[in-house]
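Below are the chains, spelled out letter by letter.
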Amino acid sequence: MPVAPEIIDDLSWDAPWAAIGNRWGLVSDQVMGGVSDGRMTRETVAGRTALRMTGRVSLENNGGFLQLALDLGDAGAPVDARRWTGIRLDVVGTGETYNLHLRTSDLQRPWQSYRQSFRAPSTWTTVRLPFEGFTPHRTDAPLDLSRLRRIGIVAIGQAFQADIALADIRFDTVADAAPPGLLV
């Protein structure tokens with residue numbers, strides 16, 4: 001059954017599969033010699049089915065991240081996200097700050113991305129991240145929404161105990177953010 005085009009994952013498929021048909025993966029700084037260690041599980045968190053990332057983020061050995069990552073297109077192909085204005089996600093955590101990283105097919109190095117921070121409070125919260133709020137990291141290339149390839153929810157940059165759960169992630173539009181009955 002096809003999903004609505006704005007849905008990235010509504011957790012309607014069995015883990016680790018996303019609703020778009022691709023697999024979620026957990027990536028740690030161990031791929032670059034770091035020592036952060038984490039787990040990705042599918043479980044019920046505060047009454048909702050969720051994809052949960054837990055673990056220890058360590059800055060040792062030039063490390064410092066854990067990431068839930070998902071390719072957006074078939075076989076790593078890019079998707080065109082120009083019809084949307086951002087990303088919307090339902091998250092719960094322990095009050096820590098996380099990043100949402102976007103990668104396009106223009107980026108060649110694994111450390112390059114477009115980033116925006118958000119807080120994961122202790123109650124389920126819908127977070128809206130407009131594309132205009134993403135900043136380039138270690139690239140001069142502008143964010144090309146027609147070439148979006150990968151998305152990541154990242155615990156990064158400080159030593160802490162990561163604990164974040166995701167129940168829904170989708171592309172967002174200005175109209176979605178309007179109060180009921182108000183057309184934008």
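Everything numeric in this text was worked out from a predicted model, so none of it was measured. (Residues numbered from 1 in each chain as written. Predicted model: local features only at pLDDT ≥ 70, side-chain atom pairs only at ≥ 80, totals over all residues. Heavy atoms only, no water.)

A. The side chain of Q67, seen in detail. Examined against the element boundaries, Q67 turns out to sit in strand β5 (residues 65–71). Residue Q67 is classed as buried on the basis of its relative accessible area, which comes to 15%. Apart from residues lying up to four places away in sequence, Q67 is in contact with G25, L26, V27, M53, G152, I153 and V154. (Helix = DSSP H or I, 4+ residues; strand = E, 2+ residues; numbered from the N terminus. Buried < 20%, exposed > 50% of the residue type's maximum accessible area, 1.4 Å probe, protein only. Contact = heavy atoms within 4.5 Å.)

B. Looking closely at the pattern of salt bridges. All told, the structure shown has eleven salt bridges when counted by the stated rule. Between R82 and D80 there is a salt bridge, with the nearest N and O atoms lying 2.5 Å from each other. On the basis of relative accessible area, D80 is assigned to the partly exposed category, the value being 38%. Between R128 and D172 there is a salt bridge whose closest N-O contact spans 2.7 Å. In this pair, R128 is assigned in strand β9 (residues 125–130) and D172 in strand β12 (residues 160–172), connecting sequence segments 44 residues apart. Taking relative accessible area as the criterion, R128 reaches 37% and is therefore assigned partly exposed. (Salt bridge = Lys/Arg side-chain N within 4 Å of Asp/Glu carboxyl O.)

C. The arrangement of the environment of R149 in detail. Among the secondary structure elements, R149 is positioned in strand β11 (residues 148–156). Apart from residues no more than four positions distant in its own chain, R149 is found in contact with L70, D71, L72, G73, G76, A77, P78, R103, T104 and S105. Reaching out from R149, the side chain makes a polar contact with the side chain of D71 at a distance of 3.4 Å. (Polar contact = N/O pair within 3.5 Å; in protein donor to acceptor, adjacent residues only side chain to side chain.)

D. Structural detail: the pairing of strand β7 (residues 97–104). Judged by how many residues are buried, β7 sits mostly within the fold: seven of eight residues are covered. Pairing geometry for β7 and β11, over six bridges, is antiparallel. Residue L100 lies in a different strand from β11, and its bridge partner there is I153. (Pairing = 2+ DSSP bridges.)

E. Highlighting the sheet that holds strand β10 (residues 135–137). The six strands are arranged β2-β5-β11-β7-β8-β10 in an open sheet whose pairing can be described as antiparallel. Every interior strand has two partners, whereas the edge strands, β2 (25–28) and β10, have only one. Taken over all neighbouring pairs, the strand axes of this sheet differ in orientation by 35° on average, direction set aside. Summarising the sheet, β2 and β5 pair through four bridges and their orientation is antiparallel. Following the sheet pairing, V27 is matched in β5 by Q67. (Axes fitted to C-alpha atoms, helices over the stretch in contact; angles between N-to-C directions.)

F. Quick look at the confidence of the model for the protein. The share of residues in the protein with pLDDT of 70 or more is 93%, and the mean pLDDT across the chain is 92. Predicted confidence is poor over residues 178–184, with pLDDT under 50, and the contacts of this stretch with residues over four places away or in other chains come to two contacts. (pLDDT = per-residue confidence, 0-100.)

G. Seen up close, the side chain of T104. As for its placement among the helices and strands, T104 is situated in strand β7. Ignoring anything within four residues of it in the chain, the contact list for T104 reads Y114, L143, D144, R147, L148 and R149.

H. The arrangement of the nonpolar core in detail. Of all hydrophobic cores here, the largest spans 38 residues; its most connected members are L89 and F118. Looking at which element gives the most residues to this core, the answer is β12, with six residues. Leaving out residues up to four positions away in the same chain, F118 has contacts with L89, V91, E96, T97, Y98, N99, L100, V127, L129, I153 and I164. (Core = buried A, V, L, I, M, F, W, Y, C linked by side-chain atoms within 4.5 Å.)

I. A look at the packing of aromatic side chains. Evaluation of the coordinates by the stated rule reveals four aromatic pairs. Seen in terms of ring centroids, W84 and F171 are 4.5 Å apart; in terms of plane orientation they differ by 15°. Their pairing is stacked. Residue W84 is located in the loop between β5 and β6 (86–92), and its partner F171 is located in strand β12; the two are separated by 87 residues in the primary sequence. Here the two residues W84 and F171 agree in accessibility, since each one is buried. Every member of this aromatic cluster is reached through a ring pair, and the members are Y98, F118 and F160. Between the NZ or CZ atom of R23 and the centre of the ring of W17, over which it lies, the distance is 5.3 Å. Taking NZ or CZ as reference, R48 lies 4.9 Å from the ring centre of W124, over its face. (Phe/Tyr/Trp six-rings, centres within 6.5 Å; stacked < 30°, edge-to-face > 60°. Lys NZ or Arg CZ within 6 Å of the ring centre and 35° of its normal.)

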